[in-house]
Amino acid sequence: MAFTEHTIESAPPAARRSMEAAAKKLGYLPAAVARLATSPQTLDGFLRANALFETTTLSPLAREVLVMTMATRNGCHLCVAMHTAGLTAHGADPDLIAALREGRPLNDAPLEAMRRFVLEVLATTGAVSAEAMEDFLGHGYTRQNALEVVLGIGVYTMSTLANRMTGAPLDERLEPFAWTGHAA
């Protein structure tokens, strides 16, 4: 079930602009983007939805906790490596990164509340209990943040499932951040 790893020139014309934007932003064309270009709409949908997610009122670290929780839960080795690299580049605490990669509780109470809430939203398909919502809100999050979690889950469901389906390989620059864990 091989997916083509497109170049900008070989990709469907509707995917080329998105591929060029991703390559410009990252400094290289990731294999995941090259394979996702098989469906220009899916590639564009992910990039647009991700750009929206990055503008939410969630802190960058809270967003990364959500992404890493999704990546480990869904077994996306590529996403874990990419976001480990990003967290490392931004000077995140190595213990936080290790806990996220291992799917274990975080020492930071608000970030742990985020991790637990993401898992609760997934486990209940959005029908979170009043207690779970109050716990989330009790750690400084808002009802707007709760809905932004839904956006993030949607974006990273798309990413993790597409990367697994296409068999997107780990790009060379991400190899130092490789993950061999399993879905939580």
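Scroll up a little and you will see the structure.
Residues numbered from 1 in each chain as written. Predicted model: local features only at pLDDT ≥ 70, side-chain atom pairs only at ≥ 80, totals over all residues. Heavy atoms only, no water.

Trainee: Account for the overall build of the protein chain, naming residues and giving values.
Mentor: Scanning the protein chain from N- to C-terminus turns up 9 helices and 0 strands. Reading the protein chain from its N terminus to its C terminus gives the helix and strand order α-α-α-α-α-α-α-α-α. Taking 184 residues into account, the globule formula puts the C-alpha radius of gyration at 16 Å, and the protein chain, at 16 Å, falls close to it. As presented, the protein chain carries roughly 9400 Å² of accessible surface, and 58% of it is formed by carbon and sulfur atoms. For the protein chain, the distance from the average position of its 15 positive side-chain charges to the average position of its 19 negative side-chain charges is 5 Å. (Helix = DSSP H or I, 4+ residues; strand = E, 2+ residues; numbered from the N terminus. Rg over C-alpha atoms; globule rule 2.2 N^0.38 Å. Areas by Shrake-Rupley, 256 points an atom, 1.4 Å probe, with all protein chains shown as cover. Lys, Arg positive; Asp, Glu negative; His and termini not counted. Charge placed at Lys NZ, Arg CZ, Asp CG, Glu CD.)

Trainee: I'd like a description of the side chain of Asp-171, backed by residues and values.
Mentor: Tracing the backbone through its elements, the reader meets Asp-171 in the segment after helix H9 (143–166). Despite its burial, Asp-171 pairs with no opposite charge; the closest candidate is Arg-173, at 6.9 Å N-O. When neighbours within four sequence positions are excluded, Asp-171 is seen to be in contact with Tyr-28, Pro-30 and Ala-31. (Buried < 20%, exposed > 50% of the residue type's maximum accessible area, 1.4 Å probe, protein only. Salt bridge = Lys/Arg side-chain N within 4 Å of Asp/Glu carboxyl O. Contact = heavy atoms within 4.5 Å.)

Trainee: Mind laying out the pattern of salt bridges, listing which residues take part and the relevant values?
Mentor: This model, assessed by the stated rule, comprises 8 salt bridges. Residue Glu-112 is joined to Arg-116 by a salt bridge in which the shortest nitrogen-to-oxygen separation is 3.6 Å. Of this pair, Glu-112 and Arg-116 both sit in helix H7 (residues 109–123), 4 residues apart, which is roughly one turn of that helix. Since its relative accessible area comes to 7%, Glu-112 is described here as buried. In this structure Arg-116 comes out as partly exposed when scored by relative accessible area, which is 33%. If you follow the salt bridges from partner to partner, you end up with Glu-112, Arg-115, Arg-116 and Asp-135 in one network.

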